[in-house]
Amino acid sequence: MKHMNSEVKEERTSNKNRIDLFLVPIVLIAAFLNLFKIWTDEYANAYYTAAVKSMLQSFHNFFYASFDPGGYVTIDKPPVVFWIQTISAKIFGFHGWSVILPQALAGIGSVLLLYVLVKRTFGVWAGRFAALAMALTPIVPAVSRTNNIDSMLVFTLLVATWMLFRAVRTAKFGWVLAAFAMIGVAFNMKMLQAYMVLPAFYVFYVVATKITWKKKIAFLTTATALMLAVSVSWAVVVDSTSADKRPYMGSSQTNSVLELAFGYNGINRLTGNTSVTGSGHKQPAQTEQQTASSETKQTSNSSADSSQSSNQRKSSSSQKMQAPGGGNQNGMFNTGNPGPFRLFQKGLSDQISWLLPFVIFSIVGLFAGVKFKGPYTTKQKESLFWLAWLLPVAVFFSIAGFFHQYYLIMLAPPIAAFAGAGAVALWSMYKQHNGWKSWLLPGGILTTAALQVYIMSPYVSSIGVAPIAGVGALGVILALVLAVRKQRKNSLTNYLGAAAMVVLLAMPAYWAMTPIIYGGNSMLPSAGPDSSSGMGGPPSTATNSKQSGFNGMQPPGSSSGNSSSNGGQMPGGSSNNGQMPNSSSSKSSSSKRKSGGMNAEVNQKLLNYLTKNNTGEKYLFATTDSTSAAPYIIKTGKPVMAMGGFSGSDPILTVSKLKAMIKKGEVKYFYLSGMGKGGQSDVITWIKDNSKEIPSSKWQSTSSSAQQGPSGNGTLYEITLK
């Protein structure tokens, strides 16, 4: 207890210290990477931006996180982050940047929190380096520059971590409850993904607290019960509400939040079974791939802000990239193939793994000499916490059947923490000539430089040979010189150590800037020279729209031409041989980037026709999925019905229910494309059999567009029933 009180006294004293001047440029770097030019992203992720537009219109939509203003279907995630985005839009006005701002600030906040968490135990230089590593981890700013959830999720989990560390230092149970309650809040951001840190929380509390086992079990049981209560609080309210008084729970098959949490957003992420039919049965593997491909198509038009050199790169879908040990490593959404080396495969390694070898050497150094039965130092306890965060999450991403590259931000805090703590620890071992441990620093530098050369090698056509050769040569030279000078103590050795850290962070820093340099993708954010494609892989994986599975799809109302034969036709009928538009053409059409991953171009002729002929119907029109609906919701703020939810596979509508809606005068126009039939084929068949087709000349735009949309060649129908 005396030791505990001294720690609290030390904390109070440290709080009175002046601002760390070395931290200021680190925060400025994070602010630049997260905030610069977010005002050019007009729609952000249009699926979520449309929800914010709808949530601004009524408390009913706000509470349920309704995708559309009519309250027909929700988005596929819990509401907490979107409540924050809606409040931001209410304060600053509805803009792309105002819905991105909370995530950008959360990314900066995570850098500061990591500094605080690491500095206290491992020292100020460890905190600085950890904060810098967090700021420069490429996937961190890439996702923080969008209105996706993950940046806010990580920030919330780091707040929970700070509360847990404080609980252990002060021996106050209230902070334990607060920490686990915060995880419950995080659950209401992205469901089971928030629970990935639980092993670290349990292990750390058991090891770090000096209380009886009986109290440990009682305290953790109580805290877990509170966490579960907070986690399911919103779900219980929603699922207890009559289905006819709330929106359908998007992306669920039973209109249940809990089913969404443990199915689509839970176990299915591990197994890869993310596609089901309207009856709830799993689809054949081929159909699952088609469904995944349809989600990938929604990223295509974000490439409009890419640099011309990036867009001119040639690709071939037949090229096979080999992972360590062989095998095609592209995988679904360029996430590689499951296996122990997955995080070192192309598409994932350049997002998160730049410092992994150094982290491994750091873990060896930090745990060297530790005995299983203890006693443990504070450094060893907190190192165990970060290890218990890192390993389960790394294992998940190594074996998971379905995830996106930007989920890897979950690995950023422990990697950055070990990079900071390890840099100081390995330097100390090196300077003290601590036997075999003194070789860990040069060994870590050498292997990390080698991995970085491997990561960059597929991008030689984009970045050139010089940076690849430079990192490799400097890494080898600095590691060898440090090894040779192990017995010498002078300022030159200090400079060499600092230079090595600069070399290891140089290319991650460049990669972190690529969403600014090349343009980002708000639907599937990633970093790298192809960051705007949303695929985050080498040039050959995503630059050609047809070969990447985009197939020349177009927004509602665009003239189609024959996309099957022209190599991927652009909206408006202009062919571009399957290539994304270059930056000059895209900028000429709009001063802002509409990289919403949706049909960010609204067909004004279609909108004028629907508005003019609306005779009091609740919905402007109905369409198969959110892809076609989102831009019109954002543009007009009027209800547009996504009959099958996000991907068009939600079993929301039946023929009898649709008949009733039409008879009530709620909807009469239907835009149907080739996407999203999923669980509503009977409904679509009935619409086609009982409707009048509207001639395309009345609503279809013939103007050329710089945006390429994923909705396909569609038809507009009108149904009126008496």
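Rules behind the numbers
- Residues numbered from 1 in each chain as written.
- Predicted model: local features only at pLDDT ≥ 70, side-chain atom pairs only at ≥ 80, totals over all residues.
- Heavy atoms only, no water.
- Helix = DSSP H or I, 4+ residues; strand = E, 2+ residues; numbered from the N terminus.
- Buried < 20%, exposed > 50% of the residue type's maximum accessible area, 1.4 Å probe, protein only.
- Areas by Shrake-Rupley, 256 points an atom, 1.4 Å probe, with all protein chains shown as cover.
- Pairing = 2+ DSSP bridges.
- pLDDT = per-residue confidence, 0-100.
- Contact = heavy atoms within 4.5 Å.
- Salt bridge = Lys/Arg side-chain N within 4 Å of Asp/Glu carboxyl O.
- Phe/Tyr/Trp six-rings, centres within 6.5 Å; stacked < 30°, edge-to-face > 60°.
- Lys NZ or Arg CZ within 6 Å of the ring centre and 35° of its normal.
- Arc of directions from axis to C-beta.
- Polar contact = N/O pair within 3.5 Å; in protein donor to acceptor, adjacent residues only side chain to side chain.
- Axes fitted to C-alpha atoms, helices over the stretch in contact; angles between N-to-C directions.
- Parallel < 35°, antiparallel > 145°, perpendicular 65-115°, else oblique.
- Nonpolar A, V, L, I, M, F, W, Y, C, P; charged D, E, K, R; others polar.
- Patch = residues over 30% accessible without salt bridge, like charges linked within 9 Å, V, L, I, M, F, W, Y side chains within 5 Å.
- Expected span 1.5 Å × (residues − 1).

(A) Up close: the overall build of the chain. Along the chain, the regular secondary structure elements total 28 helices and 5 strands. Taking all 722 residues of the chain together, the buried fraction comes to 61%. On the chain, roughly 26900 Å² of surface is accessible, and the fraction owed to carbon and sulfur atoms is 61%.

(B) Highlighting the sheet that holds strand 2 (residues 641-642). The strand order 2-1-3-5-4 describes an open sheet built from 5 strands, whose pairing is mixed. Only two strands of the sheet have a single partner each, and these edge strands are strand 2 and strand 4 (692-693). By the bridge criterion, 2 bridges tie strand 4 to strand 5 (residues 715-718) in an arrangement that is antiparallel. The residue bridging Lys692 from the neighbouring strand is Glu718, located in strand 5.

(C) Region of the structure containing the confidence of the model for the chain. Confidence along the chain averages 82 in pLDDT terms, with 77% of residues attaining 70 or more. In the predicted structure, residues 276-329 sits below a pLDDT of 50 and forms 143 contacts with residues beyond four places in sequence or in another chain. Predicted confidence for residues 540-555 stays below pLDDT 50, and this span has 76 contacts to residues more than four positions away or in other chains.

(D) Up close: the pairing of strand 5. Strand direction decides the pairing type here: strand 3 (residues 669-672) and strand 5, joined by 4 bridges, are antiparallel. Across the sheet, Tyr669 pairs through a bridge with Glu718, a residue of strand 5.

(E) Representation of the environment of Gly637 in the model. Of note, Gly637 is situated in the loop between helix 26 (626-636) and strand 2. The sequence separation of Gly637 and Lys53 amounts to 584 residues, and the corresponding C-alpha distance is 6.5 Å. Residues contacting Gly637, with those up to four places away along its chain left out, are Lys53, Gln57, Pro69 and Tyr632.

(F) Representation of the pattern of salt bridges. Under the definition given, this model contains 5 salt bridges. A salt bridge links Lys668 to Glu617, with the nearest nitrogen and oxygen atoms 3.9 Å apart. You can see Lys668 sitting in the loop between helix 27 (655-663) and strand 3 and its partner Glu617 sitting in the loop between helix 25 (604-612) and strand 1 (622-623), a full 51 residues away along the chain. Like Lys668, the residue Glu617 is buried in the burial classification. The partner of Lys692 in a salt bridge is Glu718, and the shortest N-O contact between them spans 3.6 Å. Highlighted residues: Lys692 in strand 4 and Glu718 in strand 5, separated in sequence by 26 residues.

(G) Highlighting the packing of aromatic side chains. Overall, the coordinates contain 38 aromatic pairs when judged by the stated rule. Ring geometry for Phe396 and Phe397: centres 5.3 Å apart, planes at 75 degrees, overall edge-to-face. Through successive ring pairs, a cluster of aromatic residues spans Phe165, Phe180, Phe201, Tyr202, Phe204, Phe385, Trp386 and Trp389. When the ring centre of Trp125 is taken as origin, the NZ or CZ atom of Arg128, which lies over that ring, is 4.4 Å away.

(H) Inspection of unusual backbone geometry at higher detail. Of note, the phi angle at Ala65 is positive, near 60 degrees, even though the residue is not glycine. Checked against the element boundaries, Ala65 lands in the loop between helix 4 (59-64) and helix 5 (80-92).

(I) Spotlight on helix 25. For helix 25, the full list of buried residues reads Leu606, Leu607, Tyr609 and Leu610. Projected down its long axis, helix 25 shows its buried positions confined to an angular sector of 165 degrees, all on one face. Looking at the buried positions of helix 25, the neighbouring elements they touch are helix 26, strand 3 and strand 5. Looking at where helix 25 begins, the residue whose side-chain oxygen comes 3.2 Å from the main-chain nitrogen of Lys605 is Asn603.

(J) How the structure looks around the packing of helix 9 (residues 150-170) against helix 10 (residues 173-190). Where helix 9 meets helix 10, the axes come as close as 8 Å, and the angle between the chain directions of the two elements is 170 degrees. Of the possible angle classes, the one that applies to helix 9 and helix 10 is roughly antiparallel. Here the contact of helix 9 with helix 10 is built from residues that sort into 17 nonpolar, 2 polar and 3 charged.

(K) Structural view of the environment of Asn608. Following the sequence through the fold, Asn608 ends up in helix 25. On the accessibility criterion, Asn608 (44% relative accessible area) is partly exposed. Placed 91 residues apart in sequence, Asn608 and Trp699 show a C-alpha to C-alpha distance of 8.0 Å.

(L) Region of interest: the pairing of strand 3. The two faces of strand 3 match: Tyr669 and Tyr671 on one face and Phe670 and Leu672 on the other face are all buried. The pairing of strand 1 with strand 3 spans 2 bridges and is parallel. In the strand pairing of strand 3, Ala622 is matched with Phe670.

(M) Expanded view of a nonpolar patch on the surface. Nonpolar side chains collect at one region of the surface, where Phe32, Phe36, Trp39, Met513 and Ile517 lie side by side and expose about 440 Å² of accessible area between them. Tracing the sequence through the fold places Phe36 in the loop between helix 2 (23-35) and helix 3 (46-55). Overall, the relative accessible area of 33% leaves Phe36 in the partly exposed class.

(N) Quick look at the packing of helix 10 against helix 11 (residues 198-208). Running from N to C, helix 10 and helix 11 cross one another at 170 degrees; their axes reach a closest spacing of 12 Å. Comparing their axes, helix 11 and helix 10 come out roughly antiparallel. Every residue of helix 11 that contacts helix 10 at Val176, Ala179, Phe180 and Ile183 is listed here: Leu198, Phe201, Tyr202 and Tyr205. Split into classes, the residues belonging to the contact of helix 10 with helix 11 amount to 8 nonpolar, no polar and no charged.

(O) Just the side chain of Asp76, in detail. Take Asp76: it is sitting in the loop between helix 4 and helix 5. Judged by relative accessible area, Asp76 falls into the buried class, the value being 3%. Side-chain polar atoms of Asp76 contact the side chain of Tyr48, separated by 3.3 Å. Setting aside residues no more than four positions away along its own chain, Asp76 makes contact with Tyr47, Tyr48, Gly250, Ser251, Leu260, Tyr264 and Asn265.

(P) Molecular detail of helix 20 (residues 440-456). Over its 17 residues, helix 20 extends 24 Å from the first C-alpha to the last, a length consistent with the 24 Å expected when each residue adds 1.5 Å. Of all 17 residues making up helix 20, 12 are buried, and the element is well covered by its neighbours. Listed as buried for helix 20 are Leu440, Leu441, Pro442, Gly443, Gly444, Ile445, Thr448, Ala449, Leu451, Gln452, Ile455 and Met456. Where helix 20 is buried, its residues meet helix 16 (349-352), helix 17 (356-367), helix 19 (412-431), helix 21 (460-463), helix 22 (466-484) and helix 23 (491-517).

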